[in-house]
Amino acid sequence: MVWFKRRNLITFILLTFFVYISMRLTEFDLTKFKDFRNMIDFLSQWFPMDYSKLPAMLQDTLETLAMAFLGSILGLLIALPFSFAAARNTAPSKLLFHSTRIGLSLVRSIPEIVFGLILLTTLGLGPFPAVLAIMFHNVGVLGKLVSELIEAADRGPQEAMKAVGAKNWIAYLFSVLPQIWPNVLSHYFYRFEVAIRTSLILGFIGGGGIGQRLFNDFKTFQYSSVSLDVFIIMLMVIAVDFFGSYVRNRVI
Amino acid sequence: MIELKHLSVRYPRTVQDALSDVSVSFQKGEFVCILGKSGAGKSTFIRCLNRLQKPTSGEVFLDGLPIMDKNEFEIRQVRREMGMIFQHFNLIPRMSVLQNVLTGTFGYRHSLRNLVGLFTAKELESAKQVIDDVGLSEMLHRRVENLSGGQKQRVGIARALVQQPRILLGDEPVASLDPGTANHIFTLLKDLHDRLGLLTVINVHDINLAKRYASRIIALKEGHLIFDGIPENFTENEFHETYESKPKSVLFH
């Protein structure tokens, strides 16, 4: 037993215990699958797919993409200046550093769906409140992620830019941003992907897009349309993933 | 030209001064090399000259005027007259040679013009001129991360020159280069120094380079100034005095 120490054993026992507790709390029970015939029955209604509403579905897909793109890109643009204030090495003052940090984690702690539900009350149904909900949440998330990239950036160029007599904010901008840019894009594309999934959920509460169509088709028992909705969503997510890695490779 | 009086630096959470009561003055036209072991305070010394490091006590005079109490705006005016080159070159990655050199003009220009990258024909011309001076005119639009170490340091020198400095500072500028390249860089620095009539102050590990190029050598040991004179007077004795290690010199606790 060279590989294992007593601490490993204790960790193992604790983990087993937590897995057991979590199973009890979530009513995890594989024997329930004895009724799996219901699921097959249900899924068989999904096929064959119904292509009659394809043009409208594609239009909704575009709307979803637009929601996710706009929400995440606006989030990034707003987050960038905040992230410089929220990074220990570039913050103009201690006070601003801490307040920006706290502000960002407050915004981050509110889920998009809560933003969406609140905004619905003034903006009504549709994609606009969904875009804002995605944007707010992404300001919090990207602000934190980018500020961590800034803190990890090489100090050398920052020092060089100060040594030429540049103003602090110009020095930081020019020395840090080119360094972290590929990683910023990487984070952005991940958040864009997440935003697509989020906008589907926001569709369930009336945020428009393919998510809302999926929800409506489901609630009206049009399963042959549901299957096509799901298929289109899968294709969209895969396509965005490919596009993201293409852009990252071009940038690096 | 530049004078240091009783300069001391102690970093937070250390018990010993990194630089201890150093007084020295430099004149235009001098090519000064600073020798000393790692941790002797060479880097701290250089960085005090353009106040990248703020001394704990003491004063630095530039043309007879103290620079310690200057505000941020005034410090930037001091810094833009001093070009600085670094061991790790400290270039901005993902930018071209020309773009990197143009950042050397930032101290003279309005921040908004820097932000959008509006340069006058004259600024572009002088950037291209200094790139030509360091022998990189073929690589104007090459990204700096694709250059060799020696070429990177040439870009660093060009960036310092475009500031039209009166003083050139070097913090171990050849420590990451092979001996041949290091020699080339020093030849270039010496030529530029003579042509532009600069004051040059450089940290260097290699005592042979110092003896060959310097007009004056300064040696630091554990933050103290232990030698100041012409290279001919820096002999075997001084060498041992500078580089011999005490068995129990503990800097941090």
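Residues numbered from 1 in each chain as written. Chains lettered and ligands numbered in written order. Predicted model: local features only at pLDDT ≥ 70, side-chain atom pairs only at ≥ 80, totals over all residues. Heavy atoms only, no water.

Student: Is there a simple way to explain the overall build of chain B in this structure?
Tutor: Helix and strand counts for chain B come out as nine helices and 10 strands. Taken against the 2.2 N^0.38 rule, which gives 18 Å for 253 residues, the C-alpha radius of gyration of chain B at 18 Å falls within 12% of a compact globule. Overall, the C-alpha framework of chain B stretches about 55 × 40 × 35 Å when taken along its three principal axes. Considering only residue pairs separated by 6 or more positions, chain B has 70% of its internal contacts joining residues 24 or more positions apart. When the accessible surface of chain B is split by element, carbon and sulfur atoms take 50% of a total near 11,700 Å². Computed over 32 positive and 29 negative side-chain charges, the inter-centroid distance for chain B is 6 Å. (Helix = DSSP H or I, 4+ residues; strand = E, 2+ residues; numbered from the N terminus. Rg over C-alpha atoms; globule rule 2.2 N^0.38 Å. Contact = heavy atoms within 4.5 Å. Areas by Shrake-Rupley, 256 points an atom, 1.4 Å probe, with all protein chains shown as cover. Lys, Arg positive; Asp, Glu negative; His and termini not counted. Charge placed at Lys NZ, Arg CZ, Asp CG, Glu CD.)

Student: What exactly am I supposed to notice about the sheet that holds strand β9 (residues 216–221) of chain B here?
Tutor: Sheets are built from strands that pair by backbone hydrogen bonding, the pairs being arranged parallel or antiparallel. Residues and elements named next belong to chain B. One open sheet accounts for six strands, arranged β6-β7-β8-β3-β9-β10; its pairing is mixed. In this open sheet, the two strands that pair with only one neighbour each are β6 (82–86) and β10 (224–229). The average undirected angle you get between the axes of adjacent strands in this sheet is 15°. Sheet topology places β9 next to β10; five bridges connect them, and they run antiparallel. Bridge pairing in β10 links Leu-220 to Leu-225. Sitting on the sheet, helix α9 (residues 236–243) touches β3 (31–35), β9 and β10, and the angle it makes with β9 is about 35°. (Pairing = 2+ DSSP bridges. Axes fitted to C-alpha atoms, helices over the stretch in contact; angles between N-to-C directions.)

Student: Looking at this model, I keep getting lost on the domain arrangement of chain B. Mind explaining?
Tutor: Interface size, as often reported, equals the accessible area lost upon joining of the parts. Residues and elements named next belong to chain B. By domain assignment, chain B separates into domain 1 (1–81 + 166–182 + 195–245) and domain 2 (88–164). When each unit is reduced to the centre of its C-alpha atoms, the spacing between domain 1 and domain 2 is 25 Å. Contact residues are listed per partner, giving 11 residues for domain 1 and 12 residues for domain 2. Summed over both partners, the interface of domain 1 with domain 2 buries about 880 Å², with 56% contributed by carbon and sulfur atoms. Three residues, Arg-80, Ser-176 and Leu-177, lead the burial of domain 1 against domain 2; their summed loss comes to 49% of the area buried on that side. Across the contact surface, domain 1 and domain 2 share one salt bridge. The shortest N-O distance in the salt bridge between Arg-195 and Asp-133 comes to 3.5 Å. For the pair domain 1 and domain 2, the number of links is six residue pairs in polar contact (both at pLDDT 80 or more). If one sorts the elements of the side of domain 1 that touches domain 2 by residue count, helix α7 (residues 179–196) sits on top with three residues. A class-by-class count of the residues in the side of domain 1 that touches domain 2 yields four nonpolar, two polar and five charged. (Domains from an automatic or database assignment. Buried area = accessible area lost by both parts, 1.4 Å probe. Salt bridge = Lys/Arg side-chain N within 4 Å of Asp/Glu carboxyl O. Polar contact = N/O pair within 3.5 Å; in protein donor to acceptor, adjacent residues only side chain to side chain. Nonpolar A, V, L, I, M, F, W, Y, C, P; charged D, E, K, R; others polar.)

Student: I keep staring at helix α8 (residues 168–204) of chain A and nothing clicks. Help me out?
Tutor: Since the α-helix advances by 3.6 residues per turn, residues separated by three or four positions end up pointing in the same direction. The end-to-end C-alpha distance of α8(A), which contains 37 residues, comes to just 46 Å, noticeably less than the 54 Å that a straight helix rising 1.5 Å per residue would cover. Roughly 55° is the biggest bend found in α8(A), and it falls at A:Trp181, with proline A:Pro182 one to four residues downstream. (Expected span 1.5 Å × (residues − 1). Bend = angle between axes of the 7 residues up to and from the residue.)

Student: Explain the side chain of A:Ser199 here, please?
Tutor: Mapped onto the elements, A:Ser199 comes out in helix α8. If we skip the residues at most four places from it in the chain, A:Ser199 touches A:Thr64, A:Met67, A:Ala68, A:Ile134 and A:Gly208.

Student: Any chance you could explain the interface of chain B and chain A here in plain terms?
Tutor: Counting residues at the interface gives 26 residues for chain B and 23 residues for chain A. Summed over both sides, the interface between chain B and chain A buries roughly 2,100 Å², with carbon and sulfur atoms accounting for 64% of that surface. One salt bridge in this structure joins A:Glu159 and B:Arg47, with 2.4 Å as the shortest N-O distance. Where chain B touches chain A, the interface holds three residue pairs in polar contact (both at pLDDT 80 or more). Sorting the residues of the side of chain B that touches chain A by element identifies α2 (72–79), β6 and α4 (111–116) of chain B as the ones contributing at least two each. Residues that form the side of chain B that touches chain A fall into these classes: 10 nonpolar, eight polar and eight charged.

Student: How do you make sense of the sheet that holds strand β5 (residues 65–66) of chain B when you look at a structure like this?
Tutor: Residues and elements named next belong to chain B. Spatially, β2-β1-β4-β5 is the arrangement adopted by the four strands of the open sheet, whose pairing is antiparallel. In this open sheet, the two strands that pair with only one neighbour each are β2 (19–26) and β5. Bridge count between strand β1 (residues 2–9) and β2: five bridges; the pairing is antiparallel. By the bridge assignment for β2, Glu-3 is matched with Ser-25.

Student: I tried to follow the pattern of salt bridges on my own but got confused; where do I start?
Tutor: Between side chains of opposite charge, a pair can form when the charged atoms approach closely. All names here are of chain B. Tallied over the full model, the rule gives 16 salt bridges over all chains. The residue Asp-17 makes a salt bridge to Arg-10 at a minimum N-O spacing of 2.8 Å. The class of Arg-10 is partly exposed, set by a relative accessible area of 41%. Here Asp-228 ties to Arg-216 by a salt bridge, and the two come within 2.9 Å at their closest N and O atoms. One end of the pair, Asp-228, is in strand β10; the other, Arg-216, is in strand β9, with 12 residues separating them in the sequence. Residue classification places Asp-228 among the partly exposed residues on the basis of a relative accessible area of 39%. Among the residues examined, Arg-216 registers a relative accessible area of 12% and is labelled buried. Through salt bridges that share partners, Glu-30, Arg-216 and Asp-228 make up one connected network. (Buried < 20%, exposed > 50% of the residue type's maximum accessible area, 1.4 Å probe, protein only.)

Student: So what exactly am I meant to see when it comes to the state of the cysteines here?
Tutor: Throughout this description, disulfide means a covalent bond between two cysteine sulfur atoms. All names here are of chain B. Across all of its chains, the model carries zero disulfides over all chains by this definition. The closest cysteine sulfur to the non-disulfide-bonded Cys-33 is located on Cys-48, 19 Å from its own sulfur. For Cys-33, a relative accessible area of 0% puts it in the buried group. (Disulfide = S-S within 2.5 Å.)

Student: Can you walk me through the packing of helix α5 (residues 112–123) of chain A against α8(A) in this structure?
Tutor: Any two packed helices are characterised by the angle at which their axes cross and by the distance between the axes. Residues and elements named next belong to chain A. Between α5 and α8, whose axes approach to 10 Å, the crossing angle comes to 50°. Judged by the angle between their axes, α5 and α8 are oblique. Considering the relative orientation of α5 and α8, their crossing is right-handed. Where α5 abuts α8, its residues Glu-112, Ile-113 and Gly-116 lie against Arg-191, Thr-198, Ile-201 and Leu-202. Tallied by class, the residues present in the contact of α5 with α8 amount to three nonpolar, two polar and two charged. (Parallel < 35°, antiparallel > 145°, perpendicular 65-115°, else oblique. Left-handed = near helix turned anticlockwise from the far one by under 90°.)

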